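The chain contents come next:
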Amino acid sequence: MKKLNSMNKEELLELINESQKKYDSYKSKNLKYDMSRGKPCPEQLDLSDGILDCISSTSGLKAGDGTDCRNYGGLDGISDAKVLFSQLLEVGVNELIVGGNTSLNMMYDCVSRAMLKGVLGSDMPWGKLDQVKFLCPSPGYDRHFAICEFLGIEMITVDMNEDGPDMDTIEKLVSEDASIKGIWCVPKYSNPQGITYSDEVVERFAALKPKAPDFRIFWDNSYTVHHLTDTPDQLKNILESCKQAGNSDMVYIFASTSKITYAGAGIAAMGASEANIEFLKKQLGIQTICYDKINQLRHVRFLKNMDGIAAHMKKHAAIIRPKFDIVLDILDKELKSGGAAEWTCPNGGYFISLNTMDGCAKAVVAKAKEAGVTLTGAGATFPYKKDPRDRNIRIAPTYPSLDELKNAIKVLCVCVLLVEAEKLLAGM
Ligand code: PLP
């Protein structure tokens, strides 16, 4: 196909005609596909059903150090879980809290406690200041942005490059503005691009000189073991880098097993300096006596160690890799030659990020919905749901079956062509 932006009127009209026919035919099939969220598919969840057989009244419900998991105690997690999660998060066992069922909840709690009470080193609670701001590398994870919006934290959009966020802007902004208290980062296989931050970016994060002494990096390493290939991306250790730069208290690291075992019924953990963890445990102890240690125990028994996690993640990859391949293959066939869009080819994670021509994403998502394909709302990957160029669409390939996915992406491609060709024609 000729490049869309070099087509003349007749060629665009022909493309519109052809695409409209395809679109109408998809529409008549009454499709009903939901690709709005990055959820594991049932086959992935089946992989973890063994977790339900790992504990029973006869298997013993004591952790490695003899803690009775049926009782209160152990606010920061059972000993065995602390060993496993310290390896997953690459922090020491004293630099860790193994928590409840989701990391989003842990992140929300951290931000809301900071608003109410401040963090280690705060002069006053963030919420008592005239203004609190977070930097939001975007496109990014919509639920991070929702936390800020809900708690009244002003969001500043920062561009994403191929090796991570635009560090020049971040360095400048945090060094000048004391009301900037935090930044959201998904440093490995980012949501939605699948980008992993380069060593240089991690080092520049660790060496930030924020004007706010209580500035925190929210390092959401959700996809740390979620590789799609045998040549996984490597992410430099942020806590170690922060220690070397004399900024050991500047980072909170988060991860969970939501997309390792059961989504919503996994284990979340956070890592930070020992001083941060001691401070946080005092606050946390008001909120809960302890988390669900029975779930921690069965996770440790099921996953065992990092080799166990790696082997388990290979089984996930075997299920979802073909789905990513199909999406990439169809995008290549349908959109590449016409230059209608650009997209990422991630080495891991849960998403593919697609950019249409400027000003088209909303219309594409709406058109796809009309034909029965629900995508993540256009704009959702930006603060306040406002994509300044209205071009980003998040594709979540994991949940639908291969057949559903094939149809859904073909519908998406037809919608992209139709909307873009109509826009170009209207501008002639
Ligand atoms: N962080 C990121 C970047 C995610 O993409 C997701 C889920 O999509 C989560 C966190 C949610 O994790 P959890 O289930 O542990 O709250």
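All of these numbers come straight from a predicted model, not from anything done at the bench.

1. Comments concerning the overall build of the protein
Now for step 1: Regarding its fold elements, the protein presents 13 helices and 13 strands.
Now for step 2: The C-alpha atoms of the protein give 23 Å as radius of gyration, which agrees with the globular expectation for 428 residues (22 Å, within 12%).
Now for step 3: The C-alpha extent of the protein, read off along each of the three principal axes, is 75 × 55 × 35 Å.
Now for step 4: Carbon and sulfur atoms make up 50% of the accessible area of the protein, which amounts to about 18200 Å² in all.
Now for step 5: The distance from the centre of the 51 positive side-chain charges to the centre of the 56 negative ones in the protein is 4 Å.

2. A look at the packing of aromatic side chains
Now for step 1: All chains considered together, the criterion is met by 12 aromatic pairs.
Now for step 2: When the ring centre of Tyr399 is taken as origin, the NZ or CZ atom of Lys39, which lies over that ring, is 4.8 Å away.
Now for step 3: Against the face of Tyr350 rests Lys259, its NZ or CZ located 4.8 Å from the ring centre.

3. Thoughts on the site of the ligand
Now for step 1: Near the ligand, the surroundings consist of 13 residues, among which Asp220, Tyr223, Ser256, Ser258 and Lys259 are the closest.
Now for step 2: Within the backbone of Leu104, one N or O atom sits 2.8 Å away from an oxygen atom of the ligand.
Now for step 3: Within the side chain of Asp220, one N or O atom sits 2.5 Å away from a nitrogen atom of the ligand.
Now for step 4: Compared with its free state, where it exposes 400 Å², the ligand has 89% of that area covered by protein.
Now for step 5: Top element by residues in the shell around the ligand is helix H4 (residues 103–117). It accounts for 3 residues.
Now for step 6: A per-class count over the shell around the ligand returns 5 nonpolar, 6 polar and 2 charged.

4. Brief notes about helix H5 (residues 142–151)
Now for step 1: Residues of H5 that are buried: Asp142, His144, Phe145, Ile147 and Cys148.
Now for step 2: Here the buried face of H5 lies against H4, strand E3 (133–138), strand E4 (154–161), strand E6 (180–185), strand E7 (216–220) and strand E13 (392–395).
Now for step 3: Following H5 by one or two positions, Gly152 has its phi on the positive side, about 75°.

5. With respect to the pattern of salt bridges
Now for step 1: What the rule picks out here adds up to 23 salt bridges.
Now for step 2: For Lys181, the salt bridge goes to Asp214, with nearest N and O atoms at 2.6 Å. Here Asp214 lies in the loop between helix H7 (199–206) and E7 and Lys181 lies in strand E6, a separation of 33 residues in the sequence. Side by side, Lys181 and Asp214 carry an identical accessibility label, which is buried.
Now for step 3: Of the charged contacts, one joins Glu200 and Arg204 as a salt bridge, the two residues approaching to 3.5 Å between their closest N and O atoms. With Glu200 and Arg204 both in helix H7 and 4 residues apart, the pair spans about one turn of that helix.

6. Structural notes on the pairing of strand E8 (residues 251–256)
Now for step 1: Extensive coverage of E8 is indicated by the burial of 6 of its 6 residues.
Now for step 2: Burial along E8 is two-sided: Val251, Ile253 and Ala255 facing one way and Tyr252, Phe254 and Ser256 facing the other are all buried.
Now for step 3: Direction of pairing for E7 relative to E8: parallel, over a ladder of 4 bridges. Bridge pairing links Trp219 to Ile253 in E8.
Now for step 4: Once the chain exits E7 it traverses helix H8 (residues 238–244) before rejoining the sheet at E8, and the crossover so formed is right-handed.
Now for step 5: Note: E8 against strand E9 (residues 268–271), 4 bridges, orientation antiparallel. Residue Ile253 lies in a different strand from E9, and its bridge partner there is Gly271.

7. A look at the sheet that holds E8
Now for step 1: Taken in spatial order, the 8 strands of this open sheet run E2-E9-E8-E7-E6-E3-E4-E5, and their pairing is mixed. On the outer flanks of this sheet lie strand E2 (96–98) and strand E5 (164–165), each paired with one strand and no other.
Now for step 2: Alignment of E2 against E9, held across 3 bridges, turns out to be antiparallel. In the sheet register, Val98 faces E9, and the bridge partner there is Ala269.
Now for step 3: Sitting on the sheet, helix H3 (residues 79–89) is in contact with E2, E8 and E9, with an inclination near 120° to E2.

8. Here's the deal with the environment of Ile409
Now for step 1: Considering the arrangement of structural elements, one finds Ile409 in helix H13 (residues 402–426).
Now for step 2: Between the alpha carbons of Ile409 and Gly38 there is a distance of 15 Å; along the sequence they are 371 residues apart.

9. What to know about a negative patch on the surface
Now for step 1: Together, Glu43, Asp46, Asp49 and Asp53 line one region of the surface with negative charge.
Now for step 2: Tracing the backbone through its elements, the reader meets Glu43 in helix H2 (residues 42–46).
Now for step 3: When its relative accessible area of 45% is taken as the criterion, Glu43 is described as partly exposed.

10. Some remarks on unusual backbone geometry
Now for step 1: Along the chain, Ser138 connects to Pro139 via a cis peptide bond; the corresponding omega equals 5°.
Now for step 2: Take Pro139: it is sitting in the loop between E3 and H5.
Now for step 3: Asn191 connects to Pro192 through a cis peptide bond whose omega is 15°.
Now for step 4: With respect to the element layout, Pro192 can be found in the loop between E6 and H7.
Now for step 5: Notably, Tyr384 is not glycine yet its phi reads approximately 60°, a positive angle.
Now for step 6: Mapped onto the secondary structure, Tyr384 falls in the loop between strand E12 (373–375) and E13.
Now for step 7: Not every positive phi belongs to a glycine, and Asp390 is a case in point at roughly 45°.
Now for step 8: Relative to the elements of secondary structure, Asp390 occurs in the loop between E12 and E13.
Now for step 9: By relative accessible area, which is 17% here, Asp390 ends up buried.

The rules we used
- Throughout this description, residue numbers start from 1 for each chain and increase along the sequence as written.
- With the structure being a predicted model, the display of local features is reserved for residues of pLDDT at least 70 and the display and counting of side-chain atom pairs for 80 or more, all residues being used for whole-chain, interface and lining totals.
- Excluded from the side-chain calculation are hydrogens and water; included are all heavy atoms of the structure.
- Numbering of helices and strands runs from the N terminus; a helix is a DSSP stretch of H or I covering at least four residues, while a strand is a stretch of E covering at least two.
- Each radius of gyration reported is based on C-alpha atoms, and the globular scaling rule is 2.2 Å times the count of residues to the power 0.38.
- Only the protein chains shown count as cover for residues, and the accessible areas themselves come from Shrake-Rupley with a 1.4 Å probe.
- Counted charges follow a simple rule, with Lys and Arg positive, Asp and Glu negative, and His plus the chain ends left uncounted.
- Charge coordinates come from a single atom per side chain, which is NZ of Lys, CZ of Arg, CG of Asp or CD of Glu.
- Classification of ring pairs uses Phe, Tyr and Trp, with its six-membered ring standing for Trp, and accepts pairs whose centres are within 6.5 Å; under 30 degrees between planes counts as stacked, over 60 as edge-to-face, and the remaining range as tilted.
- In this scheme, the term charge over a ring applies when either NZ of a lysine or CZ of an arginine sits within 6 Å of the ring centre and within 35 degrees of the ring normal.
- Here a residue is considered near a molecule or strand provided that any single heavy atom belonging to it is located within 4 Å of it.
- As used in this structure description, the phrase polar contact means that two N or O atoms lie within 3.5 Å; if the pair is within protein, one of them must be able to donate a hydrogen and the other to accept it, and residues adjacent in sequence are counted only when both atoms belong to side chains.
- Here the nonpolar group is Ala, Val, Leu, Ile, Met, Phe, Trp, Tyr, Cys and Pro; Asp, Glu, Lys and Arg are the charged ones; every other residue, Gly included, is treated as polar.
- Here the term buried applies to any residue with accessible area under 20% of the maximum for its type, exposed to any over 50%, and partly exposed to those in between, with areas from a 1.4 Å probe on protein chains only.
- Pairs of residues are marked as contacts when any of their non-hydrogen atoms sit within 4.5 Å.
- Each salt bridge in this description consists of a side-chain nitrogen of Lys or Arg and a carboxyl oxygen of Asp or Glu lying within 4 Å of one another.
- When DSSP finds two or more bridges between a pair of strands, those strands are recorded as paired.
- Consider the strands pointing away from the viewer: the crossover is right-handed when the path from the first strand over the helix to the second runs clockwise.
- To get an axis, a line is fitted to the C-alpha atoms, and for a helix only the part in contact is used. The angle between two axes follows their N-to-C directions and goes from 0 to 180 degrees.
- The patches described consist of residues with a relative accessible area above 30% and no salt bridge, like charges being joined within 9 Å and nonpolar side chains (Val, Leu, Ile, Met, Phe, Trp, Tyr) within 5 Å.

From the geometry alone we can't say anything about function, so treat these as descriptive.
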